[in-house]
Every structure is written in C-alpha cells, then in structure tokens.
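# Summary of structural features
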Amino acid sequence: MSRRIPVVVLAGFLGAGKTTLLNHLLRSGGDARIAVVVNDFGSVGIDAMRLAGQAGAVVGLGNGCLCCEVGEDGVGAVLEDLARRRDEIDVIVIEASGIAEPGALVRMVLDGLGRHFSFGGLVEVVDAAEFEATRRRHRQLDTHLGLADLVVLNKIDRVGPGTLWRVRRLCREANPRAPIVPVQDGAVDPALLFDIEIVPGRQLMLGEQVGETDDHTAHLHAGYQSVSFVCDEPLDAGRLQDLLDARPSGLYRVKGSVRFAAAPTRDRWDLHTVGRYVRFHRTRWDAGEPRRTTLLLIGTGLDETALHRQLRACVAADDDRRDPDALLPVVRYAV
C-alpha cells in the first residue's frame, strides 16, 4: 500500500492561537516535512515563510516544508496540486480562517482526499482567556467545538484555576468525546498530531523550557499517552467495530494493521482513526511479515488495562471464521 499523507484541519476563532500553533509545529516538527495551507494569507505571520509576493503558489519555506494559499472553495484543487509533490510531504496542515465554518472545510477535505491522503482530524484551538466572552457573542462556537476531534485549550498561562476549570467544563459540555489538551503558546507536541521522526536525544516540551526541570511528569506532554496492542490471534470484525464506535472520549487516534478471522489469510486490513473518522484499507501482507494485529492507540487519560481487555475481547471465536458476512461491519469503512 502506498503511504497516505494525513491532512489535519486547524480551526479556531480569531486570535485563538492557530498561527502560533503552526509556528510551533514548523519549529518543533523534527524531520517532518509539513505542507501548510492557509487562507487569509495576507494576515498570517508564519515565521518560516520566505514568500515575498509568491502567494497563490506552492512554495518552499526553507526548512523542508511547503506553504500555499487557498480559498475555502479551493481545497480539492490544492490537494490535487500537493498530490503531485507527495514525495516532498509528510503531513498537510490546513489552517482555517478565524471566521470559517470548520464543518464545511472538513467536508471539502474529505471530498478531496483521493487515494493519496487520509484525514488527520479537526483540531479546534480555544483561547482560554477570551472564550467565555467570545462564546456569549458567538454561540456557534459550541457547534464548532462539537465537531472537533481534538481541542487545544491555549493560553492557559493567562487565566487562573477557576477560569480554566470553567472553560474546560464548557468545552467538555460542547464535546463529550474529544481529548482536551491544555497548552500555552500553542505548544502541542507534534507527535500527538502526526507521525514524525524525532531528532535523537531531543525531548519535545509543551509550554516548558528544555532543562527547566528534570521531572518529566510535570510536563504537559505527560497528559497523553500511547498504548500498543499486539495479537497473533485473528479478530472479529464486528466486535472491533463495536469497540471503535464506543471508544472512550480520550482516545484520539488508532492506527495499525489488523488480521481478521473472516478475511482470506493473505489480506491485511490497515486501520486509521482520528476522532470519529474511521477508515480501513484492505491490502496484502508483505513477504515475511508476521500476520498479526498490531495497533497503536493515542489519547489522553487512557486506561491501558481496560483497553487491552476490550481489545482481547475482540479475538474471534472458531465459528466467526466461517461466517461469510463477518467482514460487513468494516467493509462500510473501507477505502
């Protein structure tokens, strides 16, 4: 299977800190080659841009990344353009304007994915200091939050504990299932958003200065974790899909390969989920590759023991291997 490039949509009201978060990704993304797609181009101050009048084209940023300008109605066209340069790209981040409808933008992205891209999730940035006042003027922000796969609660250094608690509670009421990651200065660990190669020996921090403390449990990146699951026995498609449908609110991403009992022995099913987005892709096991299920689960506040127990419960019984309709629950999510 050819590599699919994740497309992350970055949204949030005016001044929430989207561009600050983008700058952080470009500075701290390790060896990841990020294609940044922005609208409201003239007002965006991405530090890495060396554009000087080149708006409207896909241009290099001088750090291995790319940037281009697009209107909200041109997402499909720019993805087609970037598909021709996919060997230069590891991830695409589309920054919505501060007044954009994120749901409409996500639909355009999904329509334009094609076979070279996968949906990397809708990330909604919230200004902890201004959210309550902004929400009183613009109640549609609750709708925007409700669509998010990940909520980045930014500028937490500008509020006290009481305000932070209230804003977090409002975010949770608007979206009962998305992980909420509190940060300052937009400093989300890029590894939470996409796969990157970390420079050996470098520790990515969230809102902390390197060397400030040796207590890694105090770093904000300790607020989320990854859980690995490996199983040599084949899984039942229906049970796994039921688990994905009812996955805990803190579980943001699931990725890996699955061996299903009802599938031909040559078939490998690659799984990619972000928030509510679920996609399976049927391919074949590589020569010499162990035919087993290998999954990585990423999120916040995960109960590793419970997740392993739930995944083990998906192991197929002998009768499941003879049911020709057993793959139907995942076929509807296949691309």
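In this report, we go over the structure that sits alongside the text. (Residues numbered from 1 in each chain as written. Predicted model: local features only at pLDDT ≥ 70, side-chain atom pairs only at ≥ 80, totals over all residues. Heavy atoms only, no water.)

### A look at the pattern of salt bridges
In total, this model carries 16 salt bridges according to the counting rule given. The shortest N-O distance in the salt bridge between Glu130 and Arg158 comes to 3.9 Å. Taken together, the positions of Glu130 in the loop between β6 (117-127) and α4 (131-137) and Arg158 in the loop between β7 (150-154) and α6 (161-174) put the pair 28 residues apart, joining distant regions of the chain. Two residues, Arg268 and Asp270, come together in a salt bridge whose shortest N-O distance is 2.9 Å. (Salt bridge = Lys/Arg side-chain N within 4 Å of Asp/Glu carboxyl O. Helix = DSSP H or I, 4+ residues; strand = E, 2+ residues; numbered from the N terminus.)

### Brief notes about helix α2 (residues 75-83)
Residues of α2 that are buried include every one of Val75, Val78, Leu79, Leu82 and Ala83, and no others. End-on, the buried residues of α2 take up no more than an arc of 145°, which puts them together on one face. Exposed residues on α2 whose side chains face more than 90 degrees from its buried face are Ala77 and Glu80. (Buried < 20%, exposed > 50% of the residue type's maximum accessible area, 1.4 Å probe, protein only. Arc of directions from axis to C-beta.)

### Some details on unusual backbone geometry
Glycine aside, residues mostly have negative phi angles, and peptide bonds mostly take the trans form. Non-glycine residue Lys155 carries a positive phi angle of around 65°. Mapped onto the secondary structure, Lys155 falls in the loop between β7 and α6. Judged by relative accessible area, Lys155 falls into the buried class, the value being 17%. For Asp185, which is not glycine, the phi torsion reads 60° and is therefore positive. Structurally, Asp185 can be placed in the loop between β8 (180-182) and α7 (190-193).

### Examining the layout of surface pockets
Each pocket or cavity is described by its volume, and for the second largest pocket that value is around 220 Å³. Residue lining of the second largest pocket: Pro102, Gly103, Val106, Arg107, Leu110, Phe119, Leu122, Leu147, Asp149, Val274, Arg276 and Tyr277, and that is the complete set. If you list the elements that add at least two residues to the lining of the second largest pocket, you get α3 (102-112) and β6. The element that contributes the greatest number of residues to the lining of the second largest pocket is α3, accounting for five residues. Grouping the constituent residues of the lining of the second largest pocket by class yields eight nonpolar, one polar and three charged. (1 Å grid on protein atoms, 1.4 Å probe; cavity = no way out; pocket = protein on both sides within 12 Å on 5 of 7 lines; lining within 4 Å. Points joined across faces, edges and corners; volume = space filled by probe spheres on them. Nonpolar A, V, L, I, M, F, W, Y, C, P; charged D, E, K, R; others polar.)

### A few points about the nonpolar core
Grouped burial of nonpolar side chains is what soluble globular proteins tend to show. In terms of nonpolar packing, the biggest core is built from 27 residues, with Leu240, Phe260, Phe280 and Leu297 touching the most fellow members. Of all the elements in the fold, those that place two or more residues in this core are β9 (224-231), α8 (237-245), β10 (251-258), β11 (267-274), β12 (277-284), β13 (293-300) and α9 (304-312). Examining the composition of this core, we find that four residues originate from one element, α8, more than from any other. Leave out the neighbours within four places in its chain, and Leu297 touches Gln225, Ser226, Val227, Phe229, Leu251, Arg253, Val254, Leu302, Leu307 and Leu311. In this structure, Ala32, Phe194, Tyr252 and Val274 belong to the second largest nonpolar core, which totals 26 residues. (Core = buried A, V, L, I, M, F, W, Y, C linked by side-chain atoms within 4.5 Å. Contact = heavy atoms within 4.5 Å.)

### Some words on the environment of Phe194
Within the fold, Phe194 resides in the loop between α7 and β9. Apart from residues no more than four positions distant in its own chain, Phe194 is found in contact with Leu25, Ala32, Ile34, Val91 and Arg253.

### A few points about empty space enclosed by the protein
Evaluation of the coordinates by the stated rule reveals two cavities of 30 Å³ or more. Approximately 50 Å³ is the volume attributed to the largest cavity. Counting residues per element, the ones that place at least two in the lining of the largest cavity are α8, β10, β13 and α9. Residue contributions to the lining of the largest cavity peak at three residues, all from α8. For the lining of the largest cavity, a count of residues per class yields nine nonpolar, no polar and one charged.

### With respect to the packing of aromatic side chains
For the structure on display, the rule yields four aromatic pairs. Aromatic pair Phe119 and Tyr277: ring centres 5.2 Å apart, planes at 70°, arrangement edge-to-face. Of this pair, Phe119 sits in strand β6 while Tyr277 sits in strand β12; the two residues are 158 residues apart in sequence, bridging distant segments of the chain. Look at Phe119 and you get buried, because its relative accessible area is 3%. Residue class for Tyr277 comes out buried when judged on its relative accessible area of 11%. For the pair Phe260 and Phe280, a centre-to-centre distance of 5.9 Å together with 55° between the ring planes defines the contact as tilted. (Phe/Tyr/Trp six-rings, centres within 6.5 Å; stacked < 30°, edge-to-face > 60°.)

### Considering the state of the cysteines
Taken as a whole and assessed by the stated rule, the structure comprises zero disulfides. Looking at Cys231, it has no disulfide partner, and the nearest cysteine sulfur is the one in Cys314, 9.4 Å off. (Disulfide = S-S within 2.5 Å.)

### Details of the side chain of Asp236
Tracing the sequence through the fold places Asp236 in the loop between β9 and α8. Using a relative accessible area of 10% as the deciding quantity, one classes Asp236 as buried. A distance of 3.2 Å separates a polar atom in the side chain of Asp236 from the backbone nitrogen of Gly238. (Polar contact = N/O pair within 3.5 Å; in protein donor to acceptor, adjacent residues only side chain to side chain.)

### Some thoughts on the pairing of strand β1 (residues 5-12)
Counting buried positions along β1 gives eight out of eight residues, so the element sits mostly inside the fold. The pairing of β1 with β6 spans eight bridges and is parallel. Looking at β6, one finds that Ala11 is bridged to Glu124. Bridge count between β1 and strand β5 (residues 91-95): four bridges; the pairing is parallel. The partner of Val7 across the bridge, within β5, is Ile92. (Pairing = 2+ DSSP bridges.)

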